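Coordinates in review
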Amino acid sequence: MGQRAFLAEIDAGLHTSFAAAGMADLATYTPPDGGAAVACQVYVDRDSEMIGGLRQFVAGRVEVAYVRTAGFRPVSKGRVLVDGELYSNSKLISDDGSLSRWLVSRVTD
């Protein structure tokens, strides 16, 4: 087993435990091409702040980290329904093959 597969296995197991404790969520992801919706495991960070070297400050930001499972790869403009809120993937922040973290925007329509 390679490092990426090992980390993916750990992340999936940790998410299951965190979800059981109320610290992570199960969600529904719909690809932008209108394909079939799929269940997914996510962490949602609401109202996160970012402070940079030039003292930039961003408030009200929402990030979603998807647990990457076999064959699941979130993409730009994909939508995720979690805890009654609908978000659209705006910008990829990071993806190590195990967790894919996205800046998202709320969908209000």
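The preceding data block contains the structure.
Everything numeric in this text was worked out from a predicted model, so none of it was measured.

Here the focus is the pattern of salt bridges. Taken as a whole and assessed by the stated rule, the structure comprises 6 salt bridges. Asp45 is paired through a salt bridge with Arg101; the nearest N and O atoms lie 2.9 Å apart. You can see Asp45 sitting in strand E2 (residues 38-51) and its partner Arg101 sitting in strand E6 (residues 99-106), a full 56 residues away along the chain. Given a relative accessible area of 24%, Arg101 falls into the partly exposed group. One salt bridge connects Arg46 with Glu85, and the closest N-O pair in it is separated by 3.5 Å. In this pair, Arg46 sits in strand E2 while Glu85 sits in strand E5 (residues 85-95), placing the two residues 39 residues apart along the sequence. For Glu85, a relative accessible area of 25% translates into the label partly exposed.

Another aspect to go through is the pairing of E6. Summarising the sheet, E5 and E6 pair through 7 bridges and their orientation is antiparallel. Paired with Lys91 across the two strands is Leu103, which belongs to E6. Hairpin connection, E5 to E6: the antiparallel pair is bridged by 3 residues, and Gly97 has positive phi, about 90°.

Another point: the environment of Ala12. Mapped onto the elements of the fold, Ala12 is located in helix H1 (residues 3-20). Separated by 57 residues in sequence, Ala12 and Thr69 have C-alpha atoms that sit 7.6 Å apart.

Moving on, we get to a nonpolar patch on the surface. A cluster of nonpolar side chains, namely Met1, Phe6, Leu7, Ile10 and Leu14, defines an oily patch on the protein surface of about 470 Å² accessible area. Following the sequence through the fold, Leu14 ends up in helix H1. Given a relative accessible area of 38%, Leu14 falls into the partly exposed group.

This part is about the side chain of Ser100. Along the chain, Ser100 turns up in strand E6. Polar contacts involving the side chain of Ser100 include one to the side chain of Asp95, which spans 3.2 Å. Each residue touching Ser100, except ones within four places of it in the same chain, is listed here: Val64, Ala65, Tyr66, Arg68, Pro74, Leu92, Ser94 and Asp95.

Parameters and conventions
- Residues numbered from 1 in each chain as written.
- Predicted model: local features only at pLDDT ≥ 70, side-chain atom pairs only at ≥ 80, totals over all residues.
- Heavy atoms only, no water.
- Salt bridge = Lys/Arg side-chain N within 4 Å of Asp/Glu carboxyl O.
- Helix = DSSP H or I, 4+ residues; strand = E, 2+ residues; numbered from the N terminus.
- Buried < 20%, exposed > 50% of the residue type's maximum accessible area, 1.4 Å probe, protein only.
- Pairing = 2+ DSSP bridges.
- Patch = residues over 30% accessible without salt bridge, like charges linked within 9 Å, V, L, I, M, F, W, Y side chains within 5 Å.
- Areas by Shrake-Rupley, 256 points an atom, 1.4 Å probe, with all protein chains shown as cover.
- Polar contact = N/O pair within 3.5 Å; in protein donor to acceptor, adjacent residues only side chain to side chain.
- Contact = heavy atoms within 4.5 Å.

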